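Residues per chain, in single letters:
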Amino acid sequence: MSGEDAKLDVFEDFGASVEGEMTVPNQQKSQQHGKPEFNTLDEPIRDTVLRDVKAVGVKFFHVLYPKEKKSLLKEWDLWGPLVLCTFMAMVLRGSSGSSDDSANDGGPEVAEVFVIVWIGSMVVTLNSKLLGGNISFFQSVCVLGYCLLPTTIALIVCRIILFLQQNWFLFILRFVLTMLGFGWATFASMVFLGDSQPPGRKALAVYPIFLFYFVISWLVISHSTT
Amino acid sequence: MAGSSLIDMEIDTSADSQLQFQEFPASNVPGPVAELDVRSSHTLTFNHSPDTPGSDTEGPESELLRDGPQKPSPSFWTFEFYQKLFDVDTQTVVDRILWSMIPRPGHSYLQHHIRPKPDLYGPFWICTTLIFAIAISGNLANYLQTAGKDFHWKYNFRVVTYAASAVYSYAWITPMVLWAYLRWCGGQEARLGFLEMMCVYGYSLSIYIPVSILWLIEVDWLQWLILGVGAALSGSVLLMTAWPAVQKTHRLPVLAAVLGLHLLLAAGFMLCFFHAPHTSLTTTTTPQPAAVVSVSVSSTSAAAQPQPQH
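The written sequence of each chain sets the order in which its residues are numbered from 1. Lettering of chains starts at A and numbering of ligands starts at 1, both following the order in which they are written. Owing to the predicted nature of the model, reporting of local features is limited to residues with pLDDT of at least 70; listing and counting of side-chain atom pairs is limited to 80 or more, with chain, interface and lining totals taken over all residues. Side-chain numbers come from the whole structure's heavy atoms, not from hydrogens or water.

**Comments concerning the overall build of chain B**
And then number 1: Per the secondary structure count, chain B includes 13 helices and zero strands.
And then number 2: Secondary structure elements follow DSSP: runs of H or I of four or more residues count as helices, runs of E of two or more count as strands, with numbering from the N terminus. Moving toward the C terminus, one meets the helices and strands of chain B in the order α-α-α-α-α-α-α-α-α-α-α-α-α.
And then number 3: Here, two residues are considered to be in contact whenever any of their heavy atoms come within 4.5 Å of each other. Long-range contacts, defined here as pairs at least 24 residues apart, represent 71% of the contacts in chain B between residues at least 6 apart.
And then number 4: Here the open area of atoms and residues is found with the Shrake-Rupley method and a 1.4 Å probe, where only the protein chains shown may cover a residue. Total accessible area on chain B stands at roughly 18800 Å², and carbon and sulfur atoms take up 65% of it.

Structure below.
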């Protein structure tokens, strides 16, 4: 008994033709997101739109309660980040006017917010890929964009608070809310992206994410009305 | 059968040969795969087994790196080239940052900390952090300077773009100029590579991050003092790096230029973002009381004049 022999079966050419029937199961389910199906051409537009909206909504939910990791990563899309980024840019931009000090708010322009969010996500993703992480480029950009949701919520609440007459207490409240949004965003993105880094470099990969959300939170807290 | 990865070996009961009972998972054998002849039994020793001390923390990547010098280095346009530049661990980066702030006279920062593997992670992220640290502290300082007065403060996002241009150009162009100079006019004793130069410069900027936060304290002489101490500490590390590479005749002006540029960068930040509103505020507030006084004088004199006529 020197070991087990491997068996190899070799078949001659069959010669005759092979026939059969194929049934594709689950043809009605629309869960295969990116795969082209004939049905989607015929369905009403409302179904198509609602399917994508539902996918985006599910991802937002997973960001708010980051327990399950797979869904954000496996089927990435960039609709959520685009919506969040556009919304934040519209709210955060400085009031219109030239660089005349009296009229200008001094806040970032719309394009500057866009640059910070998108180029920032790309740089952070590139950094984690260069450090040896095994996550795809768009998955990481998707996660970083979706995790902007807590900071956007903080921005909305701060904007509502800004309608009242400002005093120190309200400023502290805004500050605390912004810090909360920042911490939540960083924690959520770490849950999704944390495993993909080699050990010993986790802090190196997490720090840029921290810096990214810190800068965005600074933009949120600095925003004020004239 | 072909998918199974276990090979069972018969343990020969003869006294001379004892076979080790080994498992060979097919996917992650760390070293060169050994071929086994299962008919004869012999002892097998492995040099690259994962149990050797010191290799517990290293993953499969380190094995490839030890074979590094034998592989041709990847070309400039591939992703792997840049991956080699980011091949650092957390502890390495922390060490490099720490020692860039503390000059040790006999101990070349370059030799001990950077030399075998310069990285670009540190310089890039230190520059980016510095930009935002300056922008945020600058805005905060501006706010604190105008807090008590009746001045409606607006935050200034332009600071980020100005700081970004200044820091990134300093971190790229100065090492490039110094490297080019040393290459064509320098001595042969110590050759400094371009990446090493950029690495040292990048890490030497790291001291300005706590310095920019300390600049929030609104005391003039303290700000200058902090500036001087910071520039001296990291400048001396820079100097000691460049010292052996510069020829004796040109040593003094070159090193003075290196230190001077370092100081200039920090002084520029301090003056532009942390200092300026001091003077502008005092000049704008003083004319106002005079205007108010003159208006009230003219109004009382105008009011006083008609009265004697009545």
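**Digging into the nonpolar core**
And then number 1: Ranked by internal contacts, the top residues of the largest apolar core, which has 99 residues, are Tyr213 and Trp218 of chain A together with Tyr121, Leu205, Tyr208 and Trp215 of chain B.
And then number 2: Apart from residues lying up to four places away in sequence, tyrosine 213 of chain A is in contact with Val143, Leu144, Cys147, Leu148, Phe182, Ala185, Thr186 and Ser189 of chain A. Buried residues of nine kinds, namely Ala, Val, Leu, Ile, Met, Phe, Trp, Tyr and Cys, make up a nonpolar core once their side-chain atoms join them within 4.5 Å. Burial here depends on accessible area, computed with a 1.4 Å probe over protein chains only, as a share of the maximum for the residue type. Under 20% is buried, over 50% is exposed, and the range in between is partly exposed.

**A short note on the packing of helix 4 (residues 79-92) of chain A against helix 6 (residues 137-146) of chain A**
Residues and elements named next belong to chain A.
And then number 1: Helix axes use the C-alpha atoms of the stretch in contact, all axes being lines fitted to C-alpha atoms, and the angles between their N-to-C directions lie in the range 0 to 180 degrees. Two elements in contact, helix 4 and helix 6, have axes whose closest approach is 8 Å; the angle formed by their N-to-C orientations is 40 degrees. Our classification of the angle between helix 4 and helix 6 gives oblique. As for the relative orientation of helix 4 and helix 6, their crossing is left-handed in sense. Of helix 6, the residues touching helix 4 (which contributes Gly80, Pro81 and Leu84) are Cys142, Gly145 and Tyr146.
And then number 2: When residues are sorted by character, Ala, Val, Leu, Ile, Met, Phe, Trp, Tyr, Cys and Pro go into the nonpolar class, Asp, Glu, Lys and Arg into the charged class, and all the rest, Gly among them, into the polar class. The residue inventory of the contact of helix 4 with helix 6, partitioned by class, reads four nonpolar, two polar and no charged. Any angle that is under 35 degrees is reported as roughly parallel, and any over 145 degrees as roughly antiparallel; angles of 65 to 115 degrees are reported as roughly perpendicular and all others as oblique. In this scheme the crossing of two helices becomes right-handed for a clockwise turn of the near helix relative to the far one and left-handed for an anticlockwise turn of less than a right angle.

**What to know about helix 7 (residues 194-204) of chain B**
And then number 1: With respect to burial, helix 7 of chain B is a largely interior element, nine of its 11 residues being buried.
And then number 2: Of the positions making up helix 7 of chain B, those classed as buried are Glu196, Met197, Met198, Cys199, Val200, Tyr201, Gly202, Tyr203 and Ser204 of chain B.

**Some details on the pattern of salt bridges**
And then number 1: By convention in these notes, a salt bridge is any Lys or Arg side-chain nitrogen within 4 Å of a carboxyl oxygen on Asp or Glu. A full pass over the atoms with the stated rule returns eight salt bridges over all chains.
And then number 2: Of the charged contacts, one joins arginine 158 of chain B and glutamate 112 of chain A as a salt bridge, the two residues approaching to 3.5 Å between their closest N and O atoms. With arginine 158 of chain B in helix 6 (residues 158-185) and glutamate 112 of chain A in helix 5 (residues 110-130), this pair bridges two chains.
And then number 3: Given the relative accessible area of 27%, arginine 158 of chain B is considered partly exposed.
And then number 4: On the basis of relative accessible area, glutamate 112 of chain A is assigned to the buried category, the value being 18%.
And then number 5: The shortest N-O distance in the salt bridge between lysine 117 of chain B and aspartate 87 of chain B comes to 3.3 Å. One end of the pair, lysine 117 of chain B, is in the loop between helix 4 (109-114) and helix 5 (121-145); the other, aspartate 87 of chain B, is in the loop between helix 2 (79-85) and helix 3 (90-101), with 30 residues separating them in the sequence.
And then number 6: Residue class for lysine 117 of chain B comes out partly exposed when judged on its relative accessible area of 39%.
And then number 7: Ionic contacts of the salt-bridge type, sharing partners, join the residues Arg201 of chain A together with Asp87, Asp89 and Lys117 of chain B into one network.

**Section: the side chain of threonine 125 of chain A**
And then number 1: With respect to the secondary-structure elements, threonine 125 of chain A resides in helix 5.
And then number 2: Excluding residues within four positions of it along the chain, threonine 125 of chain A makes contact with Phe137, Ser140, Val141 and Leu144 of chain A.

**So, the UniProt feature "transmembrane region" (unreviewed entry) in chain B**
All names here are of chain B.
And then number 1: UniProt positions are given in the numbering used here, feature names are shortened, and annotations may be inferred rather than shown by experiment. Cross-referencing UniProt, the feature "transmembrane region" (unreviewed entry) maps to residues 120-140, 160-182, 194-215, 221-242 and 254-276 in the present numbering.
And then number 2: Helix makes up 100% of residues 160-182 and strand makes up 0%, while its end C-alpha atoms are separated by 33 Å.
And then number 3: The annotated region residues 221-242 carries 100% helix and 0% strand content, and the separation between its end C-alpha atoms amounts to 31 Å.

**Description of the environment of tryptophan 99 of chain B**
And then number 1: Along the polypeptide, tryptophan 99 of chain B turns up in helix 3.
And then number 2: C-alpha separation for the pair tryptophan 99 of chain B and histidine 112 of chain B, spaced 13 residues apart in sequence, amounts to 9.9 Å.

**Some points on the UniProt feature "transmembrane region" (unreviewed entry) in chain A**
Residue and element names in this part refer to chain A.
And then number 1: Those places that UniProt annotates as "transmembrane region" (unreviewed entry) correspond, in this numbering, to residues 143-162, 168-192 and 204-221.
And then number 2: Helix and strand shares over residues 168-192 are 100% and 0% respectively, and the end C-alpha atoms of the span are 36 Å apart.
And then number 3: Helix makes up 100% of residues 204-221 and strand 0%, with an end-to-end C-alpha separation of 26 Å.

**Regarding helix 7 (residues 149-161) of chain A**
And then number 1: For helix 7 of chain A, built from 13 residues, the straight-helix expectation of 18 Å at 1.5 Å per residue is met to within 8% by its first-to-last C-alpha distance of 18 Å.
And then number 2: Looking at the packing, one finds that the buried side of helix 7 of chain A touches helix 2 (45-64), helix 4, helix 6, helix 8 (168-193) and helix 9 (202-222) of chain A. One less than the residue count of a helix, multiplied by 1.5 Å, gives the span that helix is expected to have.

**Some details on the confidence of the model for chain B**
Residues and elements named next belong to chain B.
And then number 1: Confidence per residue, as judged by the predictor, is encoded in pLDDT with a range of 0 to 100. Overall, the predicted model of chain B reaches an average pLDDT of 70, with 58% of residues at or above 70.
And then number 2: By mean pLDDT, helix 11 (residues 277-285) is the weakest element of chain B at 40, and helix 8 (residues 208-214) is the strongest at 89.
And then number 3: In this model residues 47-70 is a low-confidence stretch, pLDDT under 50, and it forms 12 contacts with partners more than four residues away in sequence or in other chains.
And then number 4: The complex prediction reports pTM at 0.70, with the ipTM value standing at 0.74.

**Digging into the environment of glutamate 218 of chain B**
All names here are of chain B.
And then number 1: Looking at where glutamate 218 falls in the secondary structure, it is placed in the loop between helix 8 and helix 9 (220-242).
And then number 2: By relative accessible area, which is 30% here, glutamate 218 ends up partly exposed.
And then number 3: Considered as a pair, glutamate 218 and alanine 141 are 77 residues apart in the sequence and their alpha carbons are 7.9 Å apart.

**A few points about a nonpolar patch on the surface**
And then number 1: The residues that make up patches have over 30% relative accessible area and no salt bridge, and they are joined within 9 Å when like-charged or within 5 Å when they are Val, Leu, Ile, Met, Phe, Trp or Tyr. Together, Trp168, Phe171, Ile172, Phe175, Val176, Met179, Phe210 and Phe214 of chain A together with Tyr143 and Leu144 of chain B make up a nonpolar patch on the protein surface, roughly 910 Å² of accessible area in all.
And then number 2: Those elements giving two or more residues to the nonpolar patch turn out to be helix 8 and helix 9 of chain A together with helix 5 of chain B.
And then number 3: Looking at the secondary structure, you find phenylalanine 210 of chain A in helix 9.

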